[in-house]
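# Close look at the chain arrangement
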Amino acid sequence: MEFREIFNDLVAWESLIAVAIFAAFLVGAFILRLIIKTTANHVEKKSPDHIFPQMLKAARGPALLFAIILGLYLSILSLPIEGIEWRQGVTKAWTIGVVLSLVQAAVSGTRFFINWYLKVVAPKTATPLDDKLLPQIRRIILILLYAIGLLIILDTLGVSISPLLGGLGITGLAVALALQPTLGNFFAGTYVTADGAINIGDFIELNGGPAGNVIEVGWRSTKIRTIYNNLVVIPNSVLADTIVTNYQSPNDAMSVIVGCGVSYDSDLTQVESLALETARSVVSSSSHAADFDPIVNFKSFGDSNIDFYVFARAIDRGASFKLTSELIKAIHAEFTKQNIEINYPVRKLIYESLDTLPEIPRVRS
């Protein structure tokens, strides 16, 4: 009886020690979490844009999880239980717990770092490339981290991952072939974003296709709003393989060409002078015109008029329509005032004499 009582007392004491070890690590984990949180908040108040408090916040959860798993592992090992298989099982569970902690730490660190970069650094960069690519890169990195953690856990449990990797390779190839259009749009979207030739708000026109303002450049498609206020969705693969005219690049200013024609009897020197003077007057007084001296040049001998054009520049595409209208009205008014004729489409028939006119046969009723 005395030996059994001593053994029971020893087992109870060692169990109490195991519980105490776990409780100590549990309390220590929450204290560590509180210290990390307090330090992060203190540093963030002094330097709101610094990355250090963000990384501390990312380390809170993994540190708490690791401390709890370590305390549980040490407390279980301190129990008076014999057996190699049992200890191997505990060791495997400990390894899985460590892998989970490391994966969570890597995921949290990646997420916090990219979010900090998008909030603090990206607005200061010259191009919006990082704003568009980093969310996609973050998604890919997180998937890779979870996949690596899962493979390590399976290997720890004794599952051979070599056939699994081979099967994943074949499956990945089949999925890639099945998703070729989607993947093509994804990489085309990455190319369009990285190229920087198209930005949100730009007015673009596809060769032989729709035209409108860009409202979104996604990973699969680009959305534009036409002048009729309709939404057009363009696959990025189509956008990357066609000719695109960006009316707001390299800047918003847009040239305006107004064509006109005057009678062959007009004084062309006077016409050129009046058209240039009128265009300059419109440009100087219009809020739609850019700082550009207009140009007047004669173009061709037309069927009814001698054609010429007035070349000016508007501040943007929307203003180009207003400026064109103002130039047409001003030139027409000035030519009317100066009696400069702009012919209707006419055709003059000339005969050598009236005798050469053909005789029109009379029709008897």
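Residues numbered from 1 in each chain as written. Predicted model: local features only at pLDDT ≥ 70, side-chain atom pairs only at ≥ 80, totals over all residues. Heavy atoms only, no water.

### A closer look at the overall build of the protein
Our working rule: Each helix corresponds to a stretch of at least 4 residues labelled H or I by DSSP, and each strand to a stretch of at least 2 residues labelled E; elements are numbered beginning at the N terminus. Summary of the burial criterion: residues with accessible area below 20% of their type's maximum are buried, those above 50% are exposed, and those between are partly exposed, where the area comes from a 1.4 Å probe applied to protein chains only. Whether two residues are in contact is decided by their heavy atoms, any of which lying within 4.5 Å being enough. Exposure was quantified through the Shrake-Rupley algorithm and a 1.4 Å probe, taking into account, for residues, occlusion by the shown protein chains and nothing else.
When you go through the protein residue by residue, the secondary structure sums to nine helices and eight strands. Considering the protein as a whole, with its 365 residues, one finds that 27% of them fall into the buried category. For the protein, the proportion of contacts with a sequence separation of at least 24, taken over those separated by at least 6, is 63%. Just so you have it, the protein exposes about 23,800 Å², and 62% of that area is on carbon and sulfur atoms.

### Concerning the pairing of strand S4 (residues 231-235)
Quick reminder of the rule: Each pair of strands is called paired provided DSSP finds at least two bridges between the two strands.
Looking at chain direction, strand S3 (residues 221-225) and S4 are connected through five bridges and run antiparallel. Bridging across to S4, Lys223 finds its partner in Val233. Where S3 hands over to S4, the hairpin turn is made up of five residues, of which Asn229 adopts a positive phi near 65°.

### Here we look at the pattern of salt bridges
Just so we agree on the cut-off: A carboxyl oxygen of Asp or Glu within 4 Å of a side-chain nitrogen of Lys or Arg is what we treat as a salt bridge.
Taken as a whole and judged by the stated rule, the model has two salt bridges. The partner of Lys223 in a salt bridge is Glu216, with the nearest N and O atoms 3.9 Å apart. For Lys223, a relative accessible area of 22% corresponds to the partly exposed category. The shortest N-O distance in the salt bridge between Arg280 and Asp293 comes to 3.0 Å.

### Points about the sheet that holds S4
Heads up, the rule is: The axes are straight lines fitted to the C-alpha atoms, using for helices just the contacting stretch, and the angles between their N-to-C directions are given from 0 to 180°.
Read across the open sheet, the five strands follow the order S4-S3-S2-S1-S5; overall the sheet is antiparallel. What marks the edges here is a single partner per strand, and that holds for S4 and strand S5 (244-246). Looking at each pair of strands side by side, their axes are set apart by 40° on average, direction ignored. Pairing of strand S1 (residues 203-206) with strand S2 (residues 211-217), which is carried by three bridges, proceeds in the antiparallel orientation. Bridge pairing links Glu205 to Ala211 in S2.

### Looking at the sheet that holds strand S8 (residues 306-314)
Taken in spatial order, the three strands make up an open sheet running S6-S8-S7, and their pairing is antiparallel. The strands lining the two open edges of the sheet, one partner per strand, are strand S6 (254-262) and strand S7 (295-301). Neighbouring strand axes in the sheet, compared pairwise and without regard to direction, differ in orientation by 25° on average. Pairing analysis gives nine bridges linking S6 to S8, with the strands arranged antiparallel. By the bridge assignment for S8, Val262 is matched with Ile306. Across the sheet, helix H8 (residues 268-285) touches S6, S7 and S8, and the angle it forms with S7 is around 140°.

### Some words on the packing of H8 against helix H9 (residues 317-337)
Worth spelling out the cut-off: Angles are sorted into four bins: roughly parallel if under 35 degrees, roughly antiparallel if over 145, roughly perpendicular if 65 to 115, and oblique for all others. Two helices crossing with the near one rotated counterclockwise from the far one by less than a right angle form a left-handed crossing, whereas a clockwise rotation gives a right-handed crossing. Any residue that is not Ala, Val, Leu, Ile, Met, Phe, Trp, Tyr, Cys, Pro, Asp, Glu, Lys or Arg is counted as polar, Gly included; the first ten are nonpolar and the last four charged.
Packing of H8 against H9 leaves a shortest axis separation of 9 Å and a crossing angle of 135°. Here H8 is positioned oblique relative to H9, judged by the angle of their axes. For H8 against H9, the interelement crossing comes out right-handed. Mapping the contact onto sequence places Val271, Leu274, Ala275, Thr278, Ala279 and Val282 in H8 and Leu323, Glu326, Leu327, Ala330, Ile331, Glu334 and Phe335 in H9. Classifying every residue of the contact of H8 with H9 gives ten nonpolar, one polar and two charged.

### Some points on the environment of Gly158
Within the secondary structure, Gly158 is located in the loop between helix H4 (129-156) and helix H5 (161-178). Here Gly158 falls in the exposed class, since its relative accessible area comes to 62%. In sequence terms Gly158 and Lys92 are 66 residues apart; their C-alpha atoms lie 9.7 Å from each other.

### Overview of the nonpolar core
We count it as follows: Each nonpolar core is a collection of buried residues, namely Ala, Val, Leu, Ile, Met, Phe, Trp, Tyr and Cys, held together in the definition by side-chain atoms within 4.5 Å.
Phe308, Val310, Leu323, Leu327 and Phe335 are the most contacted members of the largest nonpolar core, which totals 22 residues. With six residues, the single largest contributor to this core is H8. Leave out the neighbours within four places in its chain, and Phe335 touches Cys260, Val262, Val271, Leu274, Ala275, Phe308, Ile340 and Ile342. Judged by nonpolar contacts, the second largest core, of eight residues, contains Ile198, Leu206, Val214 and Ile234.

### Topic: the confidence of the model for the protein
What counts is decided by this rule: pLDDT is a per-residue confidence score from the predictor, ranging from 0 to 100.
On average, residues of the protein score 78 in pLDDT, and 75% of them reach the 70 mark or higher. In this model, residues 3-10 is a region of pLDDT below 50 whose contacts with residues beyond four sequence positions or in other chains number zero contacts.

### Focus: unusual backbone geometry
Where the residue is not glycine, phi is negative for most of them; where a peptide bond is considered, it is trans in most cases. Phi is positive for Asn229, close to 65°, though the residue is something other than glycine. With respect to the secondary-structure elements, Asn229 resides in the loop between S3 and S4. A residue is classified by how much of its surface remains accessible, and Asn229, at 55% relative accessible area, is exposed. The backbone phi angle of Asn339 is positive, close to 60°, even though this residue is not glycine.

### Some points on the pairing of S8
Where S7 and S8 come together, six bridges link them in antiparallel fashion. Looking across to S8, one finds that Phe298 is bridged to Phe308. Between S7 and S8, which pair antiparallel in sequence order, lie four residues.

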